[in-house]
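# Residue-level structure breakdown
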Amino acid sequence: MDKIIVRGGKKLTGTIFSSGSKNAGLPIMAASILAEGKYILRNVPDITDIQTMIKLLRIIGAEVVFNKNELTIINKGFSRYEAPYDLVKTMRASIYVLGPLLARFGKAKVSFPGGCALGARPINLHLEGLQKLGTTIEIKHGYIYAYTDKLKGGKIFFEKKSVGATANILMASVLAQGITTIENASCEPEITSLAHFLNKMGAKIKGIGTEVLTIQGVKTLHSIDTTLISDRIETATFLLSAAITNGNITIKNCSPVHLGFVLDKIKEIGFSLQISKDTISITDKGEKKPVEISTNPYPGFPTDLQPPFAALLSTIKGKSIIYENIFSDRVMYISELQRLGADIKLNGNQIIIKGGNKLTGAPLIASDIRAAAALIIAALASNGKTEISRVYHLDRGYERLEEKLAKLGADIERVKD
Ligand code: EPZ
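In short, a report on the structure. Computed from a predicted structure; not experimentally measured. Starting afresh in each chain, residues are numbered from 1 along the sequence in its written order. At least 70 in pLDDT is required for a residue's local features to be given in this predicted model, at least 80 for side-chain atom pairs to be given and counted, and no such filter applies to totals for whole chains, interfaces and linings, which use all residues. As a convention, hydrogens and water are excluded, and side-chain values are obtained from all of the structure's heavy atoms.

### A short note on the overall build of the protein chain
In plain terms, the rule: Secondary structure elements follow DSSP: runs of H or I no shorter than four residues count as helices, runs of E no shorter than two count as strands, and numbering proceeds from the N terminus. Computation of the radius of gyration draws on C-alpha atoms alone. For the globule rule, the value is 2.2 Å times the number of residues to the power 0.38. Three labels apply to residues, based on accessible area from a 1.4 Å probe with only protein chains included: buried if under 20% of the type maximum, exposed if over 50%, partly exposed otherwise in between. The criterion used for residue contact is that any of the two residues' heavy atoms lie within 4.5 Å.
Scanning the protein chain from terminus to terminus reveals 14 helices and 24 strands. Compactness check: the protein chain gives a C-alpha radius of gyration of 21 Å against a globular reference of 22 Å for 417 residues, within 12% of the reference. Its C-alpha atoms give the protein chain principal-axis dimensions of about 65 × 45 × 40 Å. Across the 417 residues in the protein chain, those meeting the buried criterion constitute 59%. Summarising the internal contacts of the protein chain: among those between residues at least 6 apart in sequence, 72% fall at separations of at least 24.

Here it is, written out as structure tokens:
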């Protein structure tokens, strides 16, 4: 297993290009199940989760070719309707094939996703929504067996906003008989990009970008090409890496419009940002101050940036608080930051940070994608050497992050353990 070694203290400077969005690409890849034909997806990040979804599509029967961030999926009808345990256990987003398989073939066998470092990851909203569209669900031997003669439109209200459930029901409803409404739908940019992709395939979705989606089922859809939106979480990860080193960098090919609250918070802490349509530059402005953050569904502050911001705030003098309202167990990185000397603790769903301690490098263990990013960010400002293991977590969601940070002047390298 690889490790990442960081020697802190280097200021980041220069220009970096953001990659395509993992969380936009995964549901769009699953949507290719809905219609035969050839799909070309561009700006696809070369990361483990994308490779896992490629394996899954191949198991179901698609032909997939992936090189230089361009993905070609050829769907000539499928032979299997299954997402096996050994894939689902490595990536819970495998559940995205459930809706499309039911819409296209009326059946699916998907391993029940387990929990992960973020705690229990229930899928009740996915299953209840599919049942409302006429699906019979059985759980046995750790698998979800789902059947339907024909999906029928229905009225779905999510008592809690769920990105995954919104995506799954959206993909199930586009070929259902009649009209489906989804209330309290997620509005993340990744859901908006999925809805636009489906409409380009011939679906009839209204209310895109709002909490109420109305879908008029159609008989058939067709394959299309598309370019993925940029990864807003990766873009913010670059910004925080520069901020913690008091550096100044420019990020190109990004989408500032998808980072509203996040950019406001970075400015509130005391950094200056120059923002254009697809570029963000960050420079240090001197005086810094602690802040309070609450994670919420989009357009609120994204939970995926909770650990990376906690890393930055560990170096900002004063008391900051982050209220984690989405994944209460997204806290395993805290004890790792404490090993660097950060004064950070958990009180219920509040992450309380007394920033300003001098951080010193130490051996650390990554526990999930965004925790791994947080440890790297903190290590950039820690005196001496930090060694981060289990970086396979990082590689699930970031394309060669250490190479990109090294290009910006960080003293960071990947070594074989
Ligand atoms: C997506 O996960 C993202 N993953 C996550 O990013 C992101 O943190 C999350 O949305 C933010 O909401 C992908 O897009 C692949 P949810 P998802 O359903 O869909 C509860 C990353 O690092 N819930 O929106 O699994 C759930 O427990 C990953 O890129 C139910 O109760 O998240 C949570 O508290 C991490 N029942 C809340 O809803 C359900 O059926 C939001 O979860 C489904 C979810």
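### What about the pairing of strand 19 (residues 318–323)?
To keep it simple, the criterion reads: The pairing criterion is simple: DSSP has to find at least two bridges between the two strands. For a crossover, the right-handed case is the one in which the path from the first strand over the helix to the second runs clockwise, viewed with the strands pointing away from the viewer.
With 3 bridges joining them, strand 18 (residues 292–294) and strand 19 adopt parallel strand pairing. Of the residues in strand 19, the one forming a bridge with Ser294 is Tyr323. The handedness of the strand 18 to strand 19 crossover, carried by helix 10 (residues 306–313), is right-handed.

### As for the packing of helix 8 (residues 232–244) against helix 12 (residues 369–380)
Put simply, the rule is: Every axis corresponds to a line fitted to the C-alpha atoms, with the helix fit spanning only the stretch in contact, and the corresponding angles, defined between N-to-C directions, vary from 0 to 180 degrees. In this scheme, roughly parallel covers angles under 35 degrees and roughly antiparallel covers those over 145, while 65 to 115 is roughly perpendicular and the rest are oblique. Two helices cross in a left-handed way if the nearer one is turned anticlockwise from the farther one by less than a right angle. They cross in a right-handed way if the turn is clockwise. Here the nonpolar group is Ala, Val, Leu, Ile, Met, Phe, Trp, Tyr, Cys and Pro; Asp, Glu, Lys and Arg are the charged ones; every other residue, Gly included, is treated as polar.
Contact geometry of helix 8 with helix 12 gives a least axis separation of 8 Å together with a crossing angle of 20°. Here helix 8 is positioned roughly parallel relative to helix 12, judged by the angle of their axes. For the pair helix 8 and helix 12, the crossing hand works out as right-handed. Within the contact between the two elements, helix 8 uses Ile233, Thr237, Leu240, Ser241 and Ile244 and helix 12 uses Arg370, Ala373, Ile377, Ala378 and Leu380. A breakdown of the residues in the contact of helix 8 with helix 12 according to their chemical character gives 7 nonpolar, 2 polar and 1 charged.

### Remarks on the sheet that holds strand 9 (residues 143–147)
Here 4 strands make up an open sheet; going across it, the order is 6-7-9-8 and the pairing mixed. Single-partner strands in this sheet number two, and they are strand 6 (82–83) and strand 8 (136–140). Relative to strand 9, strand 7 (residues 107–111) runs antiparallel, the two being bridged by 5 bridges. Bridged to Lys107 within strand 9 is Tyr147.

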